[in-house]
Amino acid sequence: MKKLKIITIMCMGAMLASCVDDGSIVDDIGGTPNVVDFETTSINFGGLADGSEYAREFYVKLTGPSLDDVTGDVTVNIAVDASSSTAVSGTHFTLNTASLTLSTDNDYFGVISITMLSEGNSPPQEGTPEFDDYEAPYIDLVISSVSSSEDVVGTGKVGRITLNFTPPNPYAGDYSAYIEYRHPSAGTYPDNINVAETNVKTMTALTGTKVEMSWFAVWEGYSTELTVNADNSIAFTVSPDWGQTVLLGDPFDATKISYYDPATRIIYLYYYYDHDSGTGVRNFWEIYTPLF
């Protein structure tokens, strides 16, 4: 059996040597054309769906085994494959570049420009049944033709651009945040108020329903995230840097439920933590009144 393996390997080696000797592999590589290709074939293009238009540039390039021998201009035509694209030209986007020229002056790189149209294209809000079935529209670009005096062809690959529309976040902005901070050493609940003060806090949009603040309670510099759910209930997350487990509600009063009031646009936030030192529960009642 060992002799058979050796003979087989020797035969394979002889075959490879024969191929190299007659130059067929070299000829095959030398006969491979240069290719106009997308720099990347999968791109995410995001924008807030507030009626704005967003322009973005993408790139095509010339690659191949004999690129150094190419000296002339290469004309490239770009098209949208409407049969596979789910985004609609004129509704979701406009293709600003249908033709471009690659030359030695730009190192055979070219720029494609696309404008994302957000008017009327806001996706469903998170937490709704429609959101679960939503798929972002995408554009499939193809290189429809290439014109060159040299051995250059277009790639057969598709350049897919996904249009990630973000719904406008109605909760982002500045708030007057009045807080009552109850501490176990400051008296008897619910009058054990250690701090009662008002600060201006800025909520920055992360998604259509989630915002971020650089505050935790009365302390600035700790990141917190607040989400308004579809039923106007609140989800609240505190950065692990805080070092304590923060929970929504008030363990002494079950009526203290965090919620958003769509009529007044006020956010009522109740949360607490039981200090791991064993010194008792810290309660926070906070009311966010929009300043916008």
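The structure reproduced in this document is the subject of the present report.

Cut-off values and rules
- Residues numbered from 1 in each chain as written.
- Predicted model: local features only at pLDDT ≥ 70, side-chain atom pairs only at ≥ 80, totals over all residues.
- Heavy atoms only, no water.
- Pairing = 2+ DSSP bridges.
- Helix = DSSP H or I, 4+ residues; strand = E, 2+ residues; numbered from the N terminus.
- Axes fitted to C-alpha atoms, helices over the stretch in contact; angles between N-to-C directions.
- Core = buried A, V, L, I, M, F, W, Y, C linked by side-chain atoms within 4.5 Å.
- Buried < 20%, exposed > 50% of the residue type's maximum accessible area, 1.4 Å probe, protein only.
- Contact = heavy atoms within 4.5 Å.
- Phe/Tyr/Trp six-rings, centres within 6.5 Å; stacked < 30°, edge-to-face > 60°.

Observations regarding the sheet that holds strand β9 (residues 152-154)
And step 1. Spatially, the five strands line up as an open sheet ordered β5-β7-β3-β1-β9, and their pairing is mixed. The sheet is open, and its two edges are formed by β5 (93-95) and β9, each paired on a single side. Put simply, the sheet's adjacent strands are angled 25° from each other on average, direction ignored.
And step 2. Of the strand pairs in this sheet, strand β3 (residues 53-63) and strand β7 (residues 109-117) are connected by nine bridges, and their pairing is antiparallel. When the bridges of β7 are listed, R56 appears paired with I114.

Side note on the nonpolar core
And step 1. Residues V36, L102, I161 and L163 are the most contacted members of the largest nonpolar core, which totals 27 residues.
And step 2. Listed by contribution, the elements that provide at least two residues to this core are β1 (34-38), β2 (42-48), β3, β4 (74-80), β6 (99-102), β7, β8 (138-147) and β10 (159-166).
And step 3. Residues in contact with L102, not counting those within four places in the same chain, are V36, V60, K61, L62, G72, D73, V74, V76, Y108, F109 and G110.
And step 4. Y175, V211, V246 and I267 belong to the second largest nonpolar core, which has 25 residues in total.

As for the sheet that holds β6
And step 1. Read from one edge of the open sheet, five strands run β2-β10-β8-β4-β6, paired in mixed fashion. A strand with exactly one partner marks an edge of an open sheet, and here the two such strands are β2 and β6. The sheet shows a mean angle of 30° between the axes of neighbouring strands, taken without regard to direction.

Brief notes about unusual backbone geometry
And step 1. Going from Y189 to P190, the amide bond is cis rather than trans, its omega being 5°.
And step 2. With respect to the element layout, P190 can be found in the loop between β11 (173-182) and β12 (193-205).
And step 3. Positive phi values are uncommon outside glycine, yet D107 reaches one of about 55°.
And step 4. Looking at the element boundaries, D107 is found in the loop between β6 and β7.
And step 5. The exposure class assigned to D107 is exposed, which follows from its relative accessible area of 59%.
And step 6. Look at Y108: it is not a glycine, yet its phi comes out positive at around 60°.
And step 7. Within the fold, Y108 resides in the loop between β6 and β7.

Notes on the packing of aromatic side chains
And step 1. This model, assessed by the stated rule, comprises 21 aromatic pairs.
And step 2. Each ring, one from Y171 and one from Y260, has its centre 5.0 Å from the other, and the planes form 85°; the classification is edge-to-face. Of this pair, Y171 sits in the loop between β10 and β11 while Y260 sits in strand β17 (residues 259-261), and the two are 89 residues apart along the sequence. Considered together, Y171 and Y260 belong to a single accessibility category, that of buried residues.

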